[in-house]
Structure formats: structure tokens, C-alpha cells
Amino acid sequence: MLNIRLEGKLPIYEQLYNGISRLISSGELEPDERLPAVREVAKQFGINPNTVQKSYSQLEQAGLIYSIPAKGSYVSGGGDAAEAVRKAVSYTHLTLPT
């Protein structure tokens, strides 16, 4: 479950990115599971679709998700997503136990 704070200190796109990456790393989102459409997420949280698209684009660049044109965005395969989360976390100077 994602928790977005519209008045939070972090930008909304970062909150989405962090929330989705947390769901992927915890296993709540399975490999090849379809993510909600950009417009669905935007409507659910009352935010601009461009904000959601920015988060999805960054998740794709990080290797956490992949997109299929006209089909949607999906969680990357198990090892790929886990490795991408580890890289993202180590990038922020945190370490995960192996």
C-alpha cells in the first residue's frame, strides 16, 4: 500500500518512487506483476499524471520496472529488481544485509 503525503517534505514523485521500490523489495509486488495505469494512480491520489509518469520513468531507469507500449508497466524479474533496489539503496549510502 502506498502512502502519499501531498504536504510532505519529499516531492510526490520521490514518494511514489520510494513507495513502489519498497513494495517491490518487500515482495508485495511480484515479478511481472502489472502496475496500475498512470491515470489510475493520478486519480487515486489526486495528482498530476505527469508526476506519476516521472516516477515510473525513474523506476524503469533503475531497472525496477519495465514498460510494454500500449500494455502498461510491470515489475522486473526477481533478481533484476532485487539488484536494482540494492544499487539504489547503496547509492543513498545505506546498506542492506546480504
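Residues numbered from 1 in each chain as written. Predicted model: local features only at pLDDT ≥ 70, side-chain atom pairs only at ≥ 80, totals over all residues. Heavy atoms only, no water.

Caption draft 1: Broad picture of the nonpolar core. Leu16, Ile24, Leu29, Val52, Tyr56, Leu59 and Ile65 are the most contacted members of the largest nonpolar core, which has 19 residues in total. Going through the elements one at a time, α1 (12–26), α2 (38–45) and α3 (49–61) are the ones with two or more residues in this core. By residue number, the principal contributor to this core is α1, which donates five residues. Discounting residues that sit within four places of it in the chain, Ile65 has contacts with Ile24, Leu35, Tyr56, Leu59, Glu60, Ser73, Tyr74, Val75 and Ser76. (Core = buried A, V, L, I, M, F, W, Y, C linked by side-chain atoms within 4.5 Å. Buried < 20%, exposed > 50% of the residue type's maximum accessible area, 1.4 Å probe, protein only. Helix = DSSP H or I, 4+ residues; strand = E, 2+ residues; numbered from the N terminus. Contact = heavy atoms within 4.5 Å.)

Caption draft 2: Structural view of the packing of α2 against α3. The interhelical angle for the contact between α2 and α3, taken along N-to-C directions, is 125°, at an axis separation of 8 Å. Overall, the two elements α2 and α3 adopt an arrangement that is oblique. Every pair of crossing elements has a handedness; the one defined by α2 and α3 is right-handed. Of the residues in α3, those touching α2 at Val38, Val41 and Ala42 are Pro49, Val52, Gln53 and Tyr56. Looking at the contact of α2 with α3 residue by residue, the class counts come to six nonpolar, one polar and no charged. (Axes fitted to C-alpha atoms, helices over the stretch in contact; angles between N-to-C directions. Parallel < 35°, antiparallel > 145°, perpendicular 65-115°, else oblique. Left-handed = near helix turned anticlockwise from the far one by under 90°. Nonpolar A, V, L, I, M, F, W, Y, C, P; charged D, E, K, R; others polar.)

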